Structure formats: C-alpha cells, structure tokens
Amino acid sequence: MEVCVNSTKLLNLNQNTRLFVPRNSISHSLKNPILQFNSNVQKRPLNYPLNQRSCFSRQIRSLQRPISSRIKAAPASSATSGSETDKLPADIMVTETQEPNSRVRLSVEVPAAVGEDCYKRVLKEFMKQAKIPGFRPGKIPESILLNYVGEESVQKATVESILKRTLPHAMSTVTGRALRDSVRIITKFSDMEKSYSSLSSLSYDVIVDVAPEVKWISENGYKSMKIVVEIDHDIEAEKACEQEIKRRHKSLGTLKIVTDRGLQVGDLAVLDISATTIDQDESKVQKVPAAESKGFQFDTEDDDKVLPGFLDSIIGIRQGETKSFPYVFPETWQQENLRGVEAQFTVECKELFYRDLPELNDSIADKLFPGCTDLNQVKESLLQKCQEMEQAAKDQATDTAILDQLCKMVEIDIPQSLFEEQGRQLYGARLLEIQANVKLNEQQLATLSSPKAVNEFLENQRENIINLIKQNLAVGDIFKRENLQFSTEELVKEVQNSVAEFKRHKQEYDEERVREQVQDVLEGAKVLEWLKEHADIQYVTR
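Throughout, a residue's number is its position along its own chain's written sequence, starting from 1. Residue-level local features of this predicted model are given only where pLDDT is at least 70; pairs of side-chain atoms are given and counted only at 80 or more, and the full residue set underlies all totals for whole chains, interfaces and linings. Excluding hydrogens and water, the side-chain values take into account all heavy atoms of the structure.

**Q** Which residues make up the sheet that holds strand S5 (residues 202-209), and what are the values?
**A** Here, any two strands with at least 2 DSSP bridges between them count as paired. Going along the chain from the N terminus, every DSSP run of H or I of four or more residues is numbered as a helix, and every run of E of two or more is numbered as a strand. Taking strand neighbours across the sheet as the criterion, the four strands line up as S2-S3-S5-S4 in an open arrangement whose pairing is antiparallel. Of all the strands in the sheet, just strand S2 (93-99) and strand S4 (184-185) have a single pairing partner and so form its edges. Pairing of S4 with S5, which is carried by two bridges, proceeds in the antiparallel orientation. Across the sheet, the residue bridging to Ile185 is Val206, located in S5. Should any heavy atoms of two residues lie within 4.5 Å, those residues are considered in contact. To get an axis, fit a line to the C-alpha atoms, keeping to the stretch in contact for a helix; angles then go from 0 to 180 degrees between the N-to-C directions. Helix H6 (residues 151-171) rests against S2, strand S3 (103-110), S4 and S5 of the sheet, and its axis sits at about 50° to S5.

**Q** Would you mind going over the packing of helix H8 (residues 237-251) against helix H11 (residues 375-409) in detail, with residue names and values included?
**A** Contact geometry for H8 and H11: axes closest at 8 Å, N-to-C directions at 125°. For the element pair H8 / H11, the angle class is oblique. Here the hand of the crossing between H8 and H11 comes out right-handed. In this structure, H8 contributes Ala237, Glu238, Ala240, Cys241, Glu244, Ile245 and Arg248 to the contact, and H11 contributes Val378, Lys379, Leu382, Leu383, Cys386, Gln387 and Glu390. Residues are grouped as follows: Ala, Val, Leu, Ile, Met, Phe, Trp, Tyr, Cys and Pro are nonpolar; Asp, Glu, Lys and Arg are charged; all remaining types, including Gly, are polar. Within the contact of H8 with H11, the residues separate by chemical class into eight nonpolar, one polar and five charged. Angles are sorted into four bins: roughly parallel if under 35 degrees, roughly antiparallel if over 145, roughly perpendicular if 65 to 115, and oblique for all others. A clockwise turn of the near helix away from the far one marks a right-handed crossing, whereas an anticlockwise turn of less than a right angle marks a left-handed crossing.

**Q** Now, about helix H14 (residues 451-460): what can you tell me, with residues and values included?
**A** An α-helical turn contains 3.6 residues, so a residue and the one three or four places further along point in the same direction. When a residue's accessible area, from a 1.4 Å probe over protein chains only, is under 20% of the maximum for its type it is buried; when over 50% it is exposed; and in between it is partly exposed. Turning to H14, its buried residues number three or more, namely Ala453, Val454, Phe457 and Leu458. Buried residues in H14, looked at end-on, bunch into an arc of 135°, giving them a common side. Among the exposed residues of H14, those oriented more than 90 degrees off its buried face are Pro451, Lys452, Glu459 and Asn460. Those residues of H14 that are buried are in contact with helix H12 (416-437), helix H13 (442-448) and helix H15 (462-481). The arc refers to the directions leading from the helix axis to the C-beta atoms.

**Q** Which residues make up the pattern of salt bridges, and what values go with them?
**A** Salt bridge, as used here, is a side-chain nitrogen of Lys or Arg placed within 4 Å of a carboxyl oxygen of Asp or Glu. This model, assessed by the stated rule, comprises 25 salt bridges. With its nearest N and O atoms 2.8 Å apart, the salt bridge here joins Lys250 to Asp299. Within this pair, whereas Lys250 is found in helix H8, its partner Asp299 is found in strand S10 (residues 293-299), the two being separated by 49 residues in sequence. Using a relative accessible area of 16% as the deciding quantity, one classes Lys250 as buried. Across the salt bridge formed by Asp356 and Lys256, the nearest N and O atoms sit 3.0 Å from each other. Highlighted residues: Asp356 in strand S12 (residues 342-356) and Lys256 in strand S8 (residues 254-257), separated in sequence by 100 residues. One network of salt bridges, in which partners are shared, links Lys246, Lys250, Asp299, Glu301 and Arg355.

**Q** Requested: an account of unusual backbone geometry, with residues and values cited.
**A** The phi dihedral of Asn483 is positive, around 50°, even though this residue is not glycine. You can see Asn483 is positioned in the loop between H15 and helix H16 (488-504). Of note in this structure, Lys506 is not a glycine but carries a positive phi near 55°. Here Lys506 lies in the loop between H16 and helix H17 (511-534).

**Q** Residue-level account of the pairing of strand S9 (residues 268-277), with values.
**A** Counting buried residues along S9, eight of its ten residues qualify, which places the element largely inside the surrounding structure. Where S9 and S10 come together, five bridges link them in antiparallel fashion. Bridge pairing in S10 links Leu268 to Asp299. Strand direction decides the pairing type here: S9 and S12, joined by ten bridges, are antiparallel. Residue Ala275 lies in a different strand from S12, and its bridge partner there is Phe345.

Everything listed is a geometric property; what it means functionally is a separate question.
And the structure:
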C-alpha cells in the first residue's frame, strides 16, 4: 500500500503527541488569500539554527496530561477518585456488558446485608456529630436521632455510603482496563433512594471507558510499509540557497519611486485589487470577496506565488493607472467554489518602486552573512543551512507519511472520553497559540473558551482528532510489540531539559506529567526510527 505526501504539509501535532517534528522553516503566508497560488513555498530569512531538541522542549512547554497516562493500567481505587476498597459483609453481583466506543456497562446488585451495614455506620456517624440536649454523643436512641436529623437525610447518607463502599469492588472487574476519570454512575440518585427505601437493597449501573484495543488490518503490515514522499522542488538546498542570497541582496537595496515608465519585472508595486464575476445577466454579477485587497504589496519577482498570468496582465501599468482584464480561475485553484469561474479583475497601481541594489560582490559579503569575507563563504554558509533545512523538511515529510499510513492500517474503537480530552487539549493548544500572536481581551477569551466554541471545534476537527489518537495508540502498540527501548539517561536528560524550560519561562509544571510526556516523545522517536529502517521509502520531487 502506498501513500504520497507533500513535504510542505505540516504535521499538526499538539503537546500530547508522541513525536514532535520541526515545522517547515521556509513557509509562511501572504496577507491576501486570492494571491496565494502556492502559499506553502514562501520563503523567510534563514536566520536561526534548526535544533530538534529545542523543538521538543517548546512543544512540551504548555503540557497537559498525555493520552498514554490515561490508557495505562489504572487500579480500581484510582478509577474511583481514590476511594479505598472496604471489606463488605456480603458479596455484590456485577454484570459486565460491552458497549460501543470501548465502553463497558457494569450493572451492580447490592444485597440487603450491605445496605444494613452501611445504615448502621451512617447512624453511628450521625450519633457522634449530633448534639441533642439530654443525650451524650454516641448514646442517642435511634428513634430520637431520626426525628432530629430526619429520616430522609439518613437515607440519602446511607445510599451515598453504599455507593462509596461498593463502587471500588464493582470497578475491580475492569482493573487495568478502565480509563482514568471516565467512570459515571448513570442511575439516577432518586431511583436508588426509592429502591433502597422499599427493598433495603440497591442496584445501579456504571459506565466506564476502557483502554481501546489496537486491531491491525494486516497483522504485520507496519513491518513492510511502502511510502512515496513527494518533496517540493523549492526546498532543494541548491535552489533555496540561490533564492536566499537573492533575498538578502534585495534587502540591502533602497526602494526608489518609478516616475518615467510602467511596471516591469523586478519592481515592487502597491495595488488595490477587486474582481467581479462575469455574467451576461448583469443582475447576477457578484463581487469576489477573496480577491478584494487594498494596499497589496506585490513583488514582481514573486509572481509564482500569485494567480498564474496575473503579472502578465498588469505589466506596464503606471502609478495612478487602473487596468481591467478578464480572468478564468484555474481548475486547480485551492478554493473549490472559484475553480473555472470567469471574473473581471480591476487593478489600480497606487505606488510603484524599483530597487537600487549594491553590486553583488565580495564587498557586501559580511552584510549578506555576518562573518563572511567573500561571496564563496556566503554561499557555503547558506548552503549548509539550506541543506539542514532540506533534511529537516525531508524528515518531517517522511514522518508525516508514516503516521498517516499508520492511521489507515489500524481499526480502533475510540472511547468518547478519550476523544473529548484529546480534542480539548488540541483546542487549548490552539488558544495558547492565538493568545501568543494576538493578545485577546477577557471577553474574546471567554467567547473562544465557551462550551459552544469547544464543541464546534470538536465536531469540525473530528477526523483529525481521531487520526491523532490512532497515531498515538498505533505507535505505542508498535513500541511494545517490537520491544523497543530507550535509555534511562535519555529520559532523565530530556526531563531535566524540559523542567529547565518551564523554570526559564516561570511556568508551573507537574514533573510527573513532564516525565510521562517526555517518555511518549522518546517512544515515538524510537518507533519512527525503527519504521524508517524497515520501510520501503521512495522520494520524488514535485
């Protein structure tokens, strides 16, 4: 089975994923969507080192509990909020029923003997606390006590005592399988009160999510994966190096106003752009909102990043001049509703500049790359950086392809609680990212954090969230199947680095969760390393 993946696709893993990979450092987006024919190949300065370990630490920074900490065996007591297992005077009966989404229903039958014992304990506790004139604590007759505190209060307390004592026993049947924090008593409390008051016995139902089973469509299919990884030609080191030198050279130039001619290649123009659909019935003509742009700064040397043929249509335009021309959106256009649409574009040139560039020779080498004395050194230094970035992009594309392939190779009945937790953590990571880029006020943050906003995100991102969980569980299963290991030294070192990162940013952290997260990262790295060694990987240039 083969899968073809674009190297510029970013693996959108949140802080809870097992593997973190560096983002493609030569991509960013233009301001106007209509002028982004291929926004993923935009370049930005190569002015920082690529560090895999620092990427790990940054991803771990806003850590929450990883998925693996929920699916690892949890004792019955921890699954029931810390209640201790108390010896009962009689055995309870528990019937287990499998339900969809890796969920188990436990039907619990509590005999009268247990209810009577709980009733006596509740009375004893009430006697210790009650202060009734004329009676010493603990020596109050039952009838007097019931009149004082009320039979209903005693009954409620008895039912609560029964639940507290019997639930750990009921949960013992799913010890090692139950997901933490997923236990819910679904029988109404009022129904349990009625049952106890009339029969002196009690029955209730519990729903609990259990660790999902990873079922491989082909049992050992992951051992012989065939993957085709498509690499974008713009990340080739040689070409990227040439483009970066050109970009840095351009940054040293001075923009000067063009006064005696029209637009030509090499110029930078400030444009106002609008477009309407073409229709014989003028009443049906509509604006194309995605094409609206005021003050768009268009570098004519970046014409491969806008609509094909856009530059040819406005070449020669002068400052203050307006050009109108028909245009048919290509069938490959990213916005489906615009593919094949005939439109009339109107472009007004507000300003027009040319670059007055210094001569590209050894004299400006240090400005192109600090520390270099000639152009050869500049090229060598930039080429080394571009090669690192090319390899990083290649590794990321490979990792993405492998993880995408794993999703297709497993069948997992994902529990709803696991889906919701992963989705909420992913949404929380997005909010942190937004907050870091745009300072949100309290009202905006409250709106984005509302249950409605979160639920909409969960629904819209359902497929992505499910795939992310599948990736985590598949990777964990392979780690166990193949008996992969990492050294204690690696774990300790990464935990120390992560804790230091928290302290440096003066952020609170839970060291146990940091340790679990780092362990997941190391497991993921080992699994991907193993899969790469055993996979048939073919790289092609797009």
